[in-house]
Amino acid sequence: MNKFVKGVVVAGLALLIGGTGFLVTANKEHANSAQLVDNPKKVSALIQEKKELINKKKVSRNKSEQKSLGKQIHQIEKEIKQLKKNN
């Protein structure tokens, strides 16, 4: 009887560990799919922000401000590429 109890406990632990691994994998997959849905929204927002910065740069007469805006635009372009690459 003692061996039977040990066998049941070991089997229960194995199922518990296996179930935990399954839940972790399922949660990762859900997070990845949610991220894929969010990426187009993020890209759209970044594109809109880029357009606004381009318009500010066109209007600005200050060279240092134009340079700063150009750097911001470049950074946004890099973020957009990264998001598209991850899709």
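All values reported here derive from a predicted model rather than from experimental measurement.

About the cut-offs
Residues numbered from 1 in each chain as written. Predicted model: local features only at pLDDT ≥ 70, side-chain atom pairs only at ≥ 80, totals over all residues. Heavy atoms only, no water. Helix = DSSP H or I, 4+ residues; strand = E, 2+ residues; numbered from the N terminus. Buried < 20%, exposed > 50% of the residue type's maximum accessible area, 1.4 Å probe, protein only. Areas by Shrake-Rupley, 256 points an atom, 1.4 Å probe, with all protein chains shown as cover. Expected span 1.5 Å × (residues − 1). Core = buried A, V, L, I, M, F, W, Y, C linked by side-chain atoms within 4.5 Å.

A.B. asks: Mind showing me how you'd approach the overall build of the chain here?
C.D. replies: Counting secondary structure elements, the chain contains two helices and zero strands. Buried positions account for 13% of the 87 residues belonging to the chain. When the accessible surface of the chain is totalled, it reaches about 7,400 Å², and 61% of it is carbon and sulfur.

A.B. asks: Got a minute to help me understand helix H2 (residues 63–86) in this structure?
C.D. replies: Structural remark: α-helix, 3.6 residues per turn; residues separated by three or four positions point the same way. Look at H2: 35 Å from first C-alpha to last across 24 residues, which is about the 34 Å you get at 1.5 Å a residue. Buried residues of H2: Gln-66, Leu-69, Ile-73, Ile-76, Ile-80 and Leu-83, and no others.

A.B. asks: Can you walk me through the nonpolar core in this structure?
C.D. replies: A general trend in soluble globular proteins is that nonpolar side chains are found buried together. Counting eight residues, the largest nonpolar core is built from Val-43, Leu-46, Leu-53, Leu-69, Ile-73, Ile-76, Ile-80 and Leu-83. Of all the secondary structure elements, the ones that give two or more residues to this core are helix H1 (2–59) and H2. For this core, the leading source of residues is H2, giving five residues.

So far we have only geometry, and geometry alone does not tell us how the molecule works.
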